[in-house]
Structures are given as structure tokens and as C-alpha cells.
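Here is what each chain is made of, one letter per residue.
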Amino acid sequence: MMLSIAAAVATIVLKSLAAWLTGSVGFFSDALESLVNLVAAIAGYCALRIAAKPADDNHHFGHGKAEYISALVEGAMIFLAAGAIIYTAVQRLFTPQPVEEGGWGLALSLLSSILNLGVGLALIKAGKRYRSATLNADGHHLITDVWTSAGVLVGMAAVYLTGWLWLDALVALAVGINILWTGFKILRDSVSSLLSEALPQEEQDQIWDLLAELEKEKSVTFTDRRTVASGRQRMVYLTMEVPADWSVLYSHE
């Protein structure tokens, strides 16, 4: 997450410089999304520190769900940025502005996209390794930012080649709508997880396969099966029904 924070700061500088040099609302919208990335990365870093704390008297199952809080913050920030982008883009549709120094803007945006791509892939890999909702969400958000930047690059290139200034605002509008959709998905997933959603089906299948082996091998039956994810933690609740002639000691073993 510290790497994500550093990458967000670097991309804000690069994209803001591109927006300043070109006057492009597309680059401006891209820089705003990078600001959202920075806030999300800081929130994710704080959430991970809280989630890593062990169980205590007030939190018997640990603090794992703190990771979902950072996703809620990220989703809210995305909606704010998208609103600002769409508002600015609509204004520019009616009053187009000339784009200057397009070559420098394209180069700076391309550099920031490469940086985001590398960090995003690293976060997704780490998210799978550590089973972290925060790392996984932040990684996918950065990959989305790469696609957003790609759209801005296409819009800038189109303006540069055709001279149609309204294309810049149109691309910015599309960027804003895309960011809204990303924010909605992040909010939906985090709220669902906070409501004690069951484990993903592929993880449940692994658990049920193990229980089936035990039922066949030990002549027991597992009923009342329930699962819930709490950040990187996985919780499974079930009842084990045993033969009547088993002792309590053997059942525990």
C-alpha cells in the first residue's frame, strides 16, 4: 500500500503537468481520478493496519472487516471525482477550448499509465497471495485508471489529428461515466461483504470437498453449514453429527 501511495503521488504530478501544459479537460479529469487513488491508498493503508490487529475483548473475531471500510471510502471519493469530471466535461462541450502542447501531454500521460499498470498488477498479485480485499480492490482500481488514461490518450490523439475540440470533452464525459460505474461496483461489493456475505463459491467448493472426504472416511455427517468472510479471515460454522457409540473424547479428536 505504501507503493500505491507513492505511485498515486507520482501520477498526480505527471497528469497535472499534462493538464497544465495542454489545457485538456480530459487530462484534468484523469488527474482528478489519480487524486482519488491517493485518498483510497491512504485509507487502504490505515485499514490494513487496523485489520492486522488481533482479536481483543471488544472484537472477538478480529478486525478483518476494517478492509471493507476503506472500500466504502474509496467508492464515495470516486463518486465525488466523477461528478466533478462530468460537470467540467459538459461545460467544455458547449465552450470548447484549444489543446496545446499535445505531444508533451500524451507522453506524460503514457508514462503515468505505465506506472499505474505495474503497480496495479503488483497489488492484485499481492491481494491474491495475502487474500486481502483492500489490496485486490486498489489494484483493480489502478487498472481501471489505466483504461481511463487510454481513453484520454485516444481522445487527445483524435483532437490533435482532426482539430475537433469537442472530442476532448466527449472523452472526459465517457471517463466520468466509467468512473461512476467503478465506484458503484466497489460500493456494492464492500456493502455486501459488511453484511456477512458467504465465501466465494470456489472456496466453498474446496471446503465441501474436504468435508465429503471426512464424512466418507469417518462415518460422520456435517450439517448446518455456514461461511462468512471477514477481510482476509475465513470462518466456517457447522455441526458434526457422530455415531451414537462414539465417546465424547473420540468425537473431539
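Report follows, based on the coordinates. (Residues numbered from 1 in each chain as written. Predicted model: local features only at pLDDT ≥ 70, side-chain atom pairs only at ≥ 80, totals over all residues. Heavy atoms only, no water.)

## Examining the packing of helix 3 (residues 66-94) against helix 6 (residues 166-194)
Reasoning step 1: Running from amino to carboxyl end, helix 3 crosses helix 6 at an angle of 160°, the nearest separation of the two axes being 8 Å. Compared by their axis directions, helix 3 and helix 6 come out roughly antiparallel. Considering the relative orientation of helix 3 and helix 6, their crossing is left-handed.
Reasoning step 2: For the contact of helix 3 with helix 6, the residue count by class is 26 nonpolar, 6 polar and 3 charged. (Axes fitted to C-alpha atoms, helices over the stretch in contact; angles between N-to-C directions. Helix = DSSP H or I, 4+ residues; strand = E, 2+ residues; numbered from the N terminus. Parallel < 35°, antiparallel > 145°, perpendicular 65-115°, else oblique. Left-handed = near helix turned anticlockwise from the far one by under 90°. Nonpolar A, V, L, I, M, F, W, Y, C, P; charged D, E, K, R; others polar.)

## A word on the nonpolar core
Most often, soluble globular proteins have nonpolar side chains that are buried together.
Reasoning step 1: Of all hydrophobic cores here, the largest spans 13 residues; its most connected members are Ile78, Val152, Val175 and Ile179.
Reasoning step 2: Taken together, the elements giving at least two residues each to this core come down to helix 2 (25-51), helix 3, helix 5 (133-162) and helix 6.
Reasoning step 3: With 5 residues, helix 3 is the single largest residue contributor to this core.
Reasoning step 4: One finds Met1, Ala7, Leu135 and Leu142 within the second-largest nonpolar core, a separate group that totals 9 residues. (Core = buried A, V, L, I, M, F, W, Y, C linked by side-chain atoms within 4.5 Å. Buried < 20%, exposed > 50% of the residue type's maximum accessible area, 1.4 Å probe, protein only.)

## Here we look at the pattern of salt bridges
Reasoning step 1: Evaluation of the coordinates by the stated rule reveals 4 salt bridges.
Reasoning step 2: Salt-bridge contacts for arginine 234 lead to glutamate 203; the nearest nitrogen and oxygen are separated by 2.7 Å. Of this pair, arginine 234 sits in strand 2 (residues 233-241) while glutamate 203 sits in helix 7 (residues 201-218), placing them 31 residues apart in sequence.
Reasoning step 3: Residue classification places arginine 234 among the partly exposed residues on the basis of a relative accessible area of 27%.
Reasoning step 4: A salt bridge links arginine 226 to aspartate 224, with the nearest nitrogen and oxygen atoms 3.7 Å apart. (Salt bridge = Lys/Arg side-chain N within 4 Å of Asp/Glu carboxyl O.)

## Structural notes on the packing of aromatic side chains
The description of an aromatic ring pair rests on the distance of the ring centres and on the angle between the ring planes.
Reasoning step 1: Under the defined criterion, the tally for this structure stands at 2 aromatic pairs.
Reasoning step 2: Between tryptophan 181 and phenylalanine 184 the ring centres are 5.5 Å apart and the planes differ by 25°, which places this aromatic pair in the stacked class. Of this pair, tryptophan 181 and phenylalanine 184 are both found in helix 6, 3 residues apart, which corresponds to roughly one turn of the helix. (Phe/Tyr/Trp six-rings, centres within 6.5 Å; stacked < 30°, edge-to-face > 60°.)

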